[in-house]
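Architecture and fold: a report
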Amino acid sequence: MPRTEINGMQLHWELDGGAGAPIVLVHGSWGDHHNWAPIVPALSTSFRVLTYDRRGHSGSERPEGQGSVLDDVADLAALVEHLDHFPAHVIGNSFGASIVLRLAGERPELFRSLIVHEPPLFGLLKDEPKARSMLVAVQERIAAVVELLTAGDFTGGARQFVETIAFGPGAWENLPQATRDTFVFNAPTWLDEVRDPDALEIDLNCLRKFSAPALLTVGEQSPPFFPLVVDRIADALAQAERYTFAEAGHVPHLSHPEEHVRVVAGFIQGAAVSSVGT
């Protein structure tokens, strides 16, 4: 896997598939490019698929000092430009979805379309009464993870996150050892993200500049505040479609990879037809 200096950071990246339109996959917090392994082989039969480790994750360089989601956005733009891998269909999950949406508002010319799943842009729900009690509960769980990580207990913090926020009780022991090791190694970067005042925010007015096709997805079993976030995002996009993964949660590309590939490929095909028609 190549490692290249991008935006002042050494980033690991990988390119699969030799033909077809470019796709970029942007992973969420705690993980790395391996999160996309269940869907890359199928997508790479029809597309050129770029995956990478975001700064501070696994094979990429970890910066010193407080980082920002703005750095991640700049990294993504610089990487696709360096590799001449644009305009692309850009896909993001969780915090990766937040990065994709921010870039879409700032640099829409880099996109053919965007596909995002459950961006944690909870700043959009500050004035949403239906979300208040749910978000308080989540913040309490996040605070418990932060306390463990701040004390240097990266394993305990990672386990706490997996079992109280991400997947549920008992899930930690069922994860492969390699996945647990990745969570532990990337824990300091998650702590950095939590401390970033911009991490949960987005300027919807900026996002309104994006006019290409967009697919916004949620999982049927995910917390109910994610559809509320997606509602706000959809209102800001000119061409927003919605899809719900039945019996899935926050990572459908892991839990339902065949359906995920089918939905993504179908949407991209439709977006291509739409662009030809215009």
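Please read these numbers as outputs of a predicted model, since none were measured by experiment. (Residues numbered from 1 in each chain as written. Predicted model: local features only at pLDDT ≥ 70, side-chain atom pairs only at ≥ 80, totals over all residues. Heavy atoms only, no water.)

What follows is about the overall build of the protein. Within the protein one finds 11 helices and eight strands. Since a compact globule built from 278 residues should have a radius of gyration of about 19 Å, the 18 Å found for the protein is in line with a globular shape. For the protein, the spread of C-alpha atoms along the principal axes amounts to about 55 × 45 × 35 Å. Counting over 278 residues, the protein shows a buried share of 51%. With 20 positive and 36 negative side-chain charges, the protein shows a spacing of 4 Å between the two charge centroids. (Helix = DSSP H or I, 4+ residues; strand = E, 2+ residues; numbered from the N terminus. Rg over C-alpha atoms; globule rule 2.2 N^0.38 Å. Buried < 20%, exposed > 50% of the residue type's maximum accessible area, 1.4 Å probe, protein only. Lys, Arg positive; Asp, Glu negative; His and termini not counted. Charge placed at Lys NZ, Arg CZ, Asp CG, Glu CD.)

A few words now on the side chain of Thr-4. Checked against the element boundaries, Thr-4 lands in strand β1 (residues 3–6). Contacts of Thr-4, omitting those with residues within four sequence positions, involve Met-9, Gln-10, Leu-11, Trp-13 and His-82. (Contact = heavy atoms within 4.5 Å.)

Moving on: the layout of surface pockets. In this model, the second largest pocket occupies a volume close to 180 Å³. Every residue lining the second largest pocket is counted, 17 residues in all, and those nearest its centre are Arg-55, Pro-63, Gly-67, Thr-189 and Asp-192. Those elements giving two or more residues to the lining of the second largest pocket turn out to be α2 (69–82) and α7 (177–194). Counting residues per element, the lining of the second largest pocket draws most heavily on α7, which supplies four residues. Tallied by class, residues from the lining of the second largest pocket come to four nonpolar, five polar and eight charged. (1 Å grid on protein atoms, 1.4 Å probe; cavity = no way out; pocket = protein on both sides within 12 Å on 5 of 7 lines; lining within 4 Å. Points joined across faces, edges and corners; volume = space filled by probe spheres on them. Nonpolar A, V, L, I, M, F, W, Y, C, P; charged D, E, K, R; others polar.)

The eight strands lie next to each other as β1-β2-β4-β3-β5-β6-β7-β8, forming an open sheet whose pairing is mixed. Of all strands in the sheet, those with a lone pairing partner are β1 and β8 (240–245), marking the two edges. Between one strand axis and the next, the sheet turns through 25 degrees on average, direction left out of account. Examined bridge by bridge, strand β3 (residues 22–26) and strand β4 (residues 48–52) share four bridges and lie parallel to one another. Paired with Val-24 across the bridge in β4 is Leu-50. The sheet strands contacting α2 are β1, β2 (9–16), β3, β4 and β5 (88–93), and the helix crosses β1 at an angle near 120 degrees. Strands in contact with helix α3 (residues 95–106) are β3, β5 and β6 (111–117); relative to β6, the strand with the most contacts, it is inclined by about 150 degrees. (Pairing = 2+ DSSP bridges. Axes fitted to C-alpha atoms, helices over the stretch in contact; angles between N-to-C directions.)

Relative to the helices and strands, Arg-180 is located in helix α7. Judged by its relative accessible area of 16%, Arg-180 falls in the buried class. Separated by 3.2 Å, the side chain of Arg-180 and the backbone oxygen of Leu-175 make a polar contact. In this view, Arg-180 contacts Trp-172, Glu-173 and Leu-175; residues no more than four positions away in its chain are not counted. (Polar contact = N/O pair within 3.5 Å; in protein donor to acceptor, adjacent residues only side chain to side chain.)

All right, on to the packing of helix α5 (residues 154–166) against α7 then. Packing of α5 against α7 leaves a shortest axis separation of 9 Å and a crossing angle of 85 degrees. In terms of their interaxial angle, α5 and α7 are classed as roughly perpendicular. Between α5 and α7, the residues in contact are Phe-154, Thr-155, Ala-158, Phe-161 and Val-162 and Phe-183, Val-184, Ala-187, Pro-188 and Trp-190, respectively. Class assignment for the residues of the contact of α5 with α7 results in nine nonpolar, one polar and no charged. (Parallel < 35°, antiparallel > 145°, perpendicular 65-115°, else oblique.)

A separate point is the pairing of β5. Among the six residues in β5, six count as buried, and that is most of the element. Here β5 shows two buried faces, one formed by Ala-88, Val-90 and Gly-92 and the other by His-89, Ile-91 and Asn-93. Pairing between β3 and β5: four bridges, direction parallel. Among the inter-strand pairings, Val-26 is bridged to a residue of β5, identified as Gly-92. One ladder, built from six bridges, connects β5 with β6; its direction is parallel. The residue bridging His-89 from the neighbouring strand is Ser-113, located in β6. The parallel pair β5 and β6, bridged by α3, forms a crossover whose chirality is right-handed. (Right-handed = clockwise from strand over helix to strand, strands pointing away.)

What follows covers α5. Of all the positions in α5, only Gly-157, Ala-158, Phe-161, Val-162 and Glu-163 are classed as buried. Turning to α5, the residues buried within the fold contact α4 (129–150), α6 (171–174) and α7. Immediately downstream of α5, the backbone of Gly-168 shows phi near 125 degrees, a positive value.

Below, the discussion takes up the packing of aromatic side chains. A full pass over the atoms with the stated rule returns 10 aromatic pairs. Ring plane angle 85 degrees and centroid distance 6.4 Å describe the contact between Trp-172 and Phe-183, whose orientation is recorded as edge-to-face. Within this pair, whereas Trp-172 is found in helix α6, its partner Phe-183 is found in helix α7, the two being separated by 11 residues in sequence. Within the aromatic cluster, the residues linked to one another by ring pairs are Trp-30, Phe-161, Trp-172, Phe-183 and Trp-190. (Phe/Tyr/Trp six-rings, centres within 6.5 Å; stacked < 30°, edge-to-face > 60°.)

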